[in-house]
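Survey of secondary and tertiary structure
Residues per chain, in single letters:
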Amino acid sequence: MSELHITKREREILTLMCDGKSAQEIAMILGCSVHTVRTHIESLKDTFSVYKDTALVAAAIRKGVIE
């Protein structure tokens with residue numbers, strides 16, 4: 001398995017996504033804009049080569065990035 005380069009913020013966002021939080025809820029929790037959260041999510045989708053949020057969460061769990 002190749003090393004995935006995930007920032008601390010991206011890991012926080014993935015964890016909150018696993019908890020079922022929406023982009024708007026994540027933005028409120030992290031104190032940033034919804035646009036920023038969505039930008040991180042799109043970057044993560046590119047990193048994991050997926051197109052949907054649910055596939056992103058599944059891939060992150062499968063690869064052991066988050067539990």
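Residues numbered from 1 in each chain as written. Predicted model: local features only at pLDDT ≥ 70, side-chain atom pairs only at ≥ 80, totals over all residues. Heavy atoms only, no water.

Things to note about the overall build of the chain
Our working rule: Put simply, DSSP marks the helices as runs of H or I at least four residues long and the strands as runs of E at least two long, and each gets a number from the N terminus on. In this description the radius of gyration comes from C-alpha coordinates, and the expected globular size is given by 2.2 Å times residues to the power 0.38.
Along the backbone of the chain there are four helices and zero strands. If you list the helices and strands of the chain from N to C, you get α-α-α-α. Taking 67 residues into account, the globule formula puts the C-alpha radius of gyration at 11 Å, and the chain, at 11 Å, falls close to it. With respect to the three principal axes, the spread of C-alpha positions in the chain is 35 × 20 × 20 Å.

A closer look at the pattern of salt bridges
Put simply, the rule reads: For this analysis, a salt bridge means a side-chain nitrogen from Lys or Arg found within 4 Å of a carboxyl oxygen belonging to Asp or Glu. Classification of residues uses two cut-offs on accessible area relative to the type maximum, computed with a 1.4 Å probe and protein chains only: under 20% is buried, over 50% is exposed, and between them is partly exposed.
If you walk through the whole model with that rule in mind, you get three salt bridges. Ionic pairing is found between Glu 12 and Arg 9, a salt bridge with its closest N-O pair at 3.1 Å. Of this pair, Glu 12 and Arg 9 both sit in helix H1 (residues 8-18), separated by three residues, roughly a single helical turn. By relative accessible area, Arg 9 is classed as partly exposed at 30%. Several salt bridges converge on common partners, so that one network encompasses Glu 42, Lys 45 and Asp 53.

A short note on H1
Put simply, the rule is: Picture the helix axis, draw a direction to every C-beta atom, and the arc is the one those directions span. The contact criterion used throughout is that any non-hydrogen atoms of two residues lie within 4.5 Å.
Taken together, the buried positions of H1 are Glu 10, Ile 13, Leu 14, Leu 16 and Met 17. Viewed along the axis of H1, the buried residues span an arc of 165°, placing them on a single side of the element. Where H1 is buried, its residues meet helix H2 (23-30), helix H3 (34-48) and helix H4 (53-62).

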